[in-house]
Structures are given as C-alpha cells and as structure tokens.
Amino acid sequence: MPKVFCPECQNIVSSFAEACPGCGFPIKKYIKEAKLSDFSKTFICPKCGSFSTATDVVATIQCDFCGTPMFQTSESTTTTISNTSWPKTEAEIDSYIYSLLEKCNKIEEYDTEAHQIYKQKLEERVMARRKQQSSQQPSPSANQPHCPTCGSTDIIKISAAKKAVGAGLFGLFSKTAKSQFECKNCGYKW
C-alpha cells in the first residue's frame, strides 16, 4: 500500500485514504484528479522539475518546493534513479529532467527560474541535514573513561609494577593493588 505526504499538513497518509486524518485534506480525490495511479512510475513537477520515485518510502504528490501538483510520467523509477544518480553531472541530470518533461508534453509549464530555485532549496536541505547529522554525532571523548567521583577524564591506568609495590607494602588489601585506574585530578582509585 503506497503512502504519500499530505499536501496540506505533510503527514504520512495511505494513498487509499479518502481524507487525511490530520487535516481532512481529500487525498484520494487529489490523487485521482492529478492522475497519479501507478506508484511504480516517476512523479515529476512540471514547473520546477522536482521528482519523486517509488523508492522513496513515501511518495510526494505535490511538489514541496513550488506547490505544483506532481505529474505521473511513463518512466520507471529504476530508469529515473539510474539517470539521476552519481556519477551523473548536474547538467546530465537537468537534461534528463527536461527530457522527461518533453515526453510528457509539459514543457510549456516548465520554468527555468523555478528549477534554479528548486536546486538551491535542495542544496540548502542537504547542507542543513549534514549540519544536523554532524551536530548529533557523539564527541570524541564520549567513550573515554572518566573518574566516577569528579568526572574528570584526566586519568591514568595503574601499571602492574605499581600494583605489585602496593601489594608488597600494604598487602593484598591495598587500594592500588585492587584498582585499575587513578584520577590525576582528585586521586581517587577504582
């Protein structure tokens, strides 16, 4: 069962739902009027060239860049993916998008300025996603041991020689003989 983004509230909704449960938008009617019947085909925005494929977990039925209803092409999603994925250049991808619009007789609706805005917004989204992912990555010291008493990461591992000396001077009940780390900040051994 294909899922789509609701054009009004962006909730994920079944493509068979009469209306969006979140906002009441008539999903089924919108899909029927836009003639989006085969979710194995590529959907393209006739105004800016944005496209949605079935490999997207959720299909886009209204362009989220310019608000224009998507148009169903005759192109399979696998063909679109192979023609728009790396190592294709930006010019090759733009040429492919334009050829899709030509095949669909949607050239008169295509706006090169809207396409440039789409590409700019897409780049901004990618950069924002990268920034968000880099801020969510744990800091390098996240897995570094720290002192349970003061929380300092300025610790040393107690060597076998120090353990032997501690055991020889104070017996097996020596704190040094039983511990593995020592905090340089507060002196605690654990």
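See the structure printed just above.
Here we summarise the structure given alongside this text. (Residues numbered from 1 in each chain as written. Predicted model: local features only at pLDDT ≥ 70, side-chain atom pairs only at ≥ 80, totals over all residues. Heavy atoms only, no water.)

The next thing to look at is the state of the cysteines. Scanning the model with the defined rule gives zero disulfides in all. Cys 48 takes part in no disulfide bond, and the closest cysteine sulfur, belonging to Cys 63, lies 3.5 Å away. Note on Cys 48: relative accessible area 0%, which makes it buried. (Disulfide = S-S within 2.5 Å. Buried < 20%, exposed > 50% of the residue type's maximum accessible area, 1.4 Å probe, protein only.)

All right, on to unusual backbone geometry then. Cis geometry marks the peptide bond from Trp 86 to Pro 87; its omega dihedral reads 15°. Topologically, Pro 87 is positioned in the loop between helix H2 (77-84) and helix H3 (90-103). Phi at Gln 10 is positive, roughly 65°, even though this residue is not glycine. As for its placement among the helices and strands, Gln 10 is situated in the loop between strand E1 (3-5) and strand E2 (12-14). One non-glycine residue, Asn 105, lies in positive phi territory at about 55°. Along the chain, Asn 105 turns up in the loop between H3 and helix H4 (112-136). (Helix = DSSP H or I, 4+ residues; strand = E, 2+ residues; numbered from the N terminus.)

Further remarks concern the packing of aromatic side chains. Counting across every chain of the model gives six aromatic pairs. Taken together, a centroid distance of 6.0 Å and an interplanar angle of 15° make the contact between Tyr 188 and Trp 190 stacked. An aromatic cluster of three or more residues is present, and its members are Phe 181, Tyr 188 and Trp 190. (Phe/Tyr/Trp six-rings, centres within 6.5 Å; stacked < 30°, edge-to-face > 60°.)

Moving on: the pairing of strand E3 (residues 41-44). Pairing geometry for E3 and strand E6 (residues 71-76), over three bridges, is antiparallel. When the bridges of E6 are listed, Ile 44 appears paired with Phe 71. Linking two consecutive strands that pair antiparallel, namely E3 and strand E4 (residues 51-52), is a turn of six residues; a positive phi of about 90° is found at Gly 49 within it. (Pairing = 2+ DSSP bridges.)

Per the stated rule, a full pass over the model turns up six salt bridges. In this structure, Glu 109 and Lys 106 form a salt bridge, with 3.3 Å as the shortest nitrogen-oxygen distance. Assessed through its relative accessible area of 36%, Glu 109 is described here as partly exposed. (Salt bridge = Lys/Arg side-chain N within 4 Å of Asp/Glu carboxyl O.)

One recurring pattern in soluble globular proteins: nonpolar side chains tend to sit buried together. Grouped together as the largest cluster of nonpolar side chains are 21 residues, with contacts concentrated most on Val 4, Ile 27, Ile 31 and Cys 48. Among the secondary structure elements, those contributing two or more residues to this core are helix H1 (27-33) and H4. Among the elements that make up this core, the one with the highest residue count is H1 (three residues). Within the second largest apolar cluster, seven residues are counted, among which are Ile 97, Leu 100, Leu 101 and Tyr 110. (Core = buried A, V, L, I, M, F, W, Y, C linked by side-chain atoms within 4.5 Å.)

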